[in-house]
Every structure is written in structure tokens, then in C-alpha cells.
Amino acid sequence: MVNILKRFILLLFLFSNVYGLCVEADREILAPAVGNNGVGELIKIGVRLSGGSGDILFSIPPYIGVFTQSSFITATKVAFVIARKDLNDCDVTLEVDPAYTDTIDGPSGGAALTLMILSALQNKTIKNNLSITGTIEENGDVGQVGGISEKLEAAALSGIRVFLLPKQDRDTKLAVFIIKNKYNVTVIEVNNIIEAGNIAFLNGKSEVESNLFLEKNNLPKNLTPINREQPNPDALYRIGKNFTMKGEFYINEFNPESEEDKNFLDFFKNELDLANELLDMGYLYSGANTAFLATVDLEFLKEENPTIEKINSTINEVSICVSSIPKRNFTEEHFELEIGSELRKNWALKKLNEVNDTVSKQTRVFSPYHEVLFAKAWCGISKSLQSSEDSSRELQEGKLKALAFDKIEQAERSLKNKSFAGMEDLTWHLETAKQAYNKGDYGAAIYDSSYSIAIARATEEFGNSEPFRAKQMTENLLNTQTKHFWAGAFKAHSRYYYARYSESNDPFELLVAYRLATYSLELDNVTEKIREELHNDGYSNNTESIQINQTSAQTQGKQNYVEQIIFPAILVMLVINLILQLYWINHRNK
């Protein structure tokens, strides 16, 4: 009896040790999210570890979507690997407070989930005023997510003082920089979840500093000057120089206090210097675009506390600017500049509509304010590109209507069922092309749809090529001759990026160079077609009935097909059916 009791106690001890391998614990955090209305919010989420057999569970309500489920599974596996624990000893449960939401889906909470599980496994405490956003990858990296500005502002308004996020691009860093300064939040970029844990598990210590720094772009050493003897070179040169002067004016208004402030200011000083060098070396589009982006960003940084009233005031300012731009006839000498002016006027209009729509749905202001500043700058460029009155022959833009329609249809076919990084940009330009078409700005419609066609094709070709082959394809395009203004400007822009690639060996720089070179060739070809159409004296305006639907360039053709073929066929079938029914009724009565 004693031996049996000893054996029972031993088994009980062993059994308790097996389940004791899982440290039972609860952790929770306020995780940032963006709601369906586009407004940032914080949602209380938690994890619970308990003895079990490796089950990954989800408590309901609320409804947990498949992306969140997948993210939680990855987070659990990553945390257990890092902590060197056996998942088979534990059950892990995701809990979301239903008071915050009725549905949660998306991968952006992956880093927060991993941090909580890791905290529980290592018996460490997460700072109570800290939040994090980012996906979690299987190797532990913290991946990109959207809505950073909205999430950061929501976190700041909820009392969060330390905000962790994945590495960001320049535009996002600008908005984050302003928001963190306004609300006194420490913002730290992290590469992986171990870095995040080193900051989050400080056991009450708060000596952490923001690490938002912009890396300077330097002029490639192998970039050689090119001649500016191309049609209308002074237009872009003048625009670029005007932006650099405006940017320098904004810089003089800043009074940097922290090292981070100085870094941002030095970055933009360097950008303006780079723009001037590029302009003087003949890289007109590269220089003008660099100055344009820097100046828009500096104006954005200058406004430390943008408000809805400020946005609405800027919207009104841009609306007045756009309405003051007259519709000019194309001329022999300047039709390319007029198309460039049309393009930017339509970009400004589309951006205004988007900002108006955004502001009407939410109260967050940083991203909409940045966007409306782009519209403002585009309107200014549109005015600058308009040619002065001259005595050269006037050309009828209406001759381009059929070509514009064909290009829009081609662009829609190019983008159909495609999915890759930057797809949103191509869709945006296609939508702007349709907007331009419906306003009679056929040149702009052709150029914008051609952009979507060329970039979609280049991205696909580049993705299907080996690195050496992609390099060779880019060089071949750069050795192709162009004879039109915008084609030459974009070809030079491609040379600039190719020079950057040659120094950095960054495949993204090569991709950009290949895209730009492809667009340059497309522009040269389509501009030649435009020139031929404009000089076609036998032109007859037989396309007046064509209308482009904003959602589909092929809708009109489908509608005509339905009206001319399907409807009559259905009518004939109905008549035949009626006759048969009458015959059957009459036959039955007999």
C-alpha cells in the first residue's frame, strides 16, 4: 500500500511538472488600428497562456478575421522560438475587448501580439504607456503597415508616450515627426521584435529617445552632365529653381532644437543643393522633382498644428488657383508644355476631391494637409508650364479624342487582374486620365494612361528577369534615341536613377530606372502620334458620342452591345414566347 502511494505521489509530481512547463500568464496592450471611417483608434487586446497541448485559440465576440488569425498564429510561433519554449506545453488564447469593436481583421497587430506573448513567456512587463504597430514575419522582422499617422495620433490622444513602428519612408516620417512633436511622443523605428522587446521591457525605465532620421541623398559620382539643347528646356529649369528658392525661404524660418530637428533640416538643405546640381547638369526633371518634393515637405513641416480650418482654407486657395488656369489652344511649338500643364491641373483637381472626401469623414488632419499641399504645388506648376501667346500655328486638341479613348482602354487592359507594389499609383493615374478625357483634356488623358501602360509593363518585365538581364534591358533603353521634350526629360531622370543604382547596387533603384526608361520610350512614341494627329488636315470629328465612364473605359462599348444586340434579341424571344403561349391556350380550349 505504501509503495502504491509513493508511486501515485511520484506520478502526480511528474504530471504537475509537465504542465508546469507552461507559465500561466495574462498580458494586454492598447493596439492602434484604423477604423472603416479612416480614423485611428486604440483597441484593447490581450493574450492568455495556460497549460495545454499547443492549441491556438480565439475568444469571441468580437469576430476575429482570417488575417488576424493568421497573424496571431505567426506571432505565437515566433515568440515561443525566441523564448526557447515548447508550444506543445501551452494553450494560447487571443482576447479582444468587445467594447472596443465588433470586428477585428488585418495583420497590423502582429508585432503587438508577439510582444505580449514574449512578455508572458519571459515574465517581463510591458511599459504601460507604450504601443506598437507592425506585422510580424516568420523570421521575427516587424513589417510595414498602413495608416501610421492616424494610428500615432490616436495613440498620442489616448496617453501613449512611447510608440514603436517599422522603418518608414520619407513621407511617413515627415507626418510622424510633426505628430510626435505636437503630442510629445517618443517614436522609435524597429527592425525586429527583439529590438522592440529591448525597448518595451525596460522594467519602468523611460530613458528612450526617438530615432527618426532621414538619410541624405548624394549626387552619384558617376553621373555625367548632359546637354540642355532640347525643346523648351527653360520651363523645367525655371520651375526647379523657383522651388529651390522657395524651399530655402522655408528653411530660414526653422529654429531647430533637438538633434532630430537638425537632422531633418540638414536633410532638406542637402535636397535643395542636390536639386540645384541636377538642374545645372541638365537633369531637368530630376532636379525640378527633387526641389518640388523638398519644398512641399518643408511647407508641411512649417505648419506645426494644422487644423480643419487650415485645410479648408488651403483647399479654397487651390480651387481659386485651378479655376484661374485658362484652357489654351495647342500650338505648333508648345503643345507638349500645354499637355504638361493639363496633366498637373487635373492632378490638382483629383487631389482636391480626395482631400475634401477625407476631411468630411474624419477629424485627423495631418495626412490630408500634406496631400492638399501637393495639389497647391501642382497648380503652380500648371500655370508655369502654360505657354505665352505666340504666332505659331494653333492646333485642334479635339483631334486627339479617339487616340485618348484607345489609350485609356489599353491602360485598363494593362491593369486588369494585376497586383504589385505601386498598383494604386497606376490606378490613380488611369482614373485621372478618365477625368481629363471627360473634360476634353485629351493630351493629358493620353499621357496619364500611357504612364499606367508603360509602368505596368515595365514592372512585369522587370519581375520576370534575372538581375543581370534587368540591368542589360535598362541600358538598352537608355541607349535608345528620343526626340520629344518630356521623353527626353524622363530619359535623363532614368539615367540619374541608373547612376544611383550603379553606386548603391540597390535593385529598387534599378527598377525605378527601368520603369522611367520604359515610360520615356512610350512617351516618345505617343507624342509622335499626337503630333501626327494634330497635323492631320483630313481630320473629321466623328467621335463626339464617345464618353468615358470613370469606373470603366469599356462600359460604353458594352452598353452599345446590349442596346443594339441583346435587347432586340430578348424582345424577339418574348414575342415568340407570347405567340406560343396563345397558341397553346387556344389549342387547349379546343
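Preceding block: the structure.
Notes on the structure in this doc start here. (Residues numbered from 1 in each chain as written. Predicted model: local features only at pLDDT ≥ 70, side-chain atom pairs only at ≥ 80, totals over all residues. Heavy atoms only, no water.)

1. Thoughts on helix α2 (residues 66–83)
Because an α-helix completes one turn every 3.6 residues, residues spaced three or four positions apart along the sequence face the same direction. Quick note on the threshold: The helix and strand labels rest on DSSP assignments: H or I over at least four residues marks a helix, E over at least two residues marks a strand, and numbering proceeds from the N terminus. Take the number of residues in a helix, subtract one, and multiply by 1.5 Å to get its expected span.
Helix length check: α2, at 18 residues, gives a terminal C-alpha distance of 26 Å against a target of 26 Å (1.5 Å per residue), a fit within 8%. Of the residues flanking the end of α2, it is R84, one or two places downstream, whose phi is positive at about 60°.

2. Details of the state of the cysteines
Definition in use: Two cysteine sulfur atoms form a disulfide, by the criterion used here, when they sit within 2.5 Å. Burial classification: accessible surface area is computed with a 1.4 Å probe over protein chains only, and a residue below 20% of its type maximum counts as buried, one above 50% as exposed, and the rest as partly exposed.
If you walk through the whole model with that rule in mind, you get two disulfides. In this model C22 forms its disulfide with C90; the gap between the sulfur atoms is 1.8 Å. Taking the torsion about the S-S bond as the criterion, the C22 to C90 disulfide, at about 120°, is right-handed. Of this pair, C22 sits in the loop between α1 (2–20) and β1 (25–34) while C90 sits in strand β5 (residues 90–96), placing them 68 residues apart in sequence. In this structure C90 comes out as buried when scored by relative accessible area, which is 2%. Disulfide pairing is shown between C321 and C379; the S-S distance is 2.0 Å. Torsion about the S-S bond of the C321 and C379 cystine: about -105°, corresponding to left-handed handedness. Remark: C379 occurs in helix α12 (residues 366–385) and C321 occurs in helix α10 (residues 308–323); sequence separation between them is 58 residues. A relative accessible area of 0% means that C379 is categorised as buried. What links to what in the chain: the bonded cysteines, counted in sequence order, pair as 1-2, 3-4.

3. Side note on the sheet that holds strand β2 (residues 40–51)
Note the threshold: The pairing criterion for strands is at least two bridges between them, as found by DSSP. Axis definition: a line fit to C-alpha positions, over the contact stretch in the case of helices; interaxial angles, taken between N-to-C directions, run 0 to 180 degrees. Throughout, a contact is declared for two residues whenever any of their heavy atoms are within 4.5 Å.
With respect to topology, four strands assemble into an open sheet ordered β1-β2-β5-β3, the strand pairing being mixed. Each edge of the sheet is formed by a strand with only one pairing partner; in this case those strands are β1 and β3 (56–58). Averaged over neighbouring strand pairs, the angle between their axes works out to 25° when direction is ignored. Relative to β5, β3 is paired through three bridges, and the arrangement is parallel. The residue of β5 that forms the bridge with I56 is V92. Strands β1, β2 and β5 of the sheet are contacted by helix α3 (residues 110–121), whose axis makes an angle of about 35° with β2. Relative to β2, helix α4 (residues 148–157) is tilted by about 80°, and along the sheet it contacts β1 and β2.

4. Side note on the environment of K345
Tracing the backbone shows K345 in helix α11 (residues 335–361). Sequence separation of K345 and K383 is 38 residues, and the distance between their C-alpha atoms is 8.5 Å. If near-sequence neighbours (up to four positions away) are discounted, K345 is found in contact with V322, I325 and S382.

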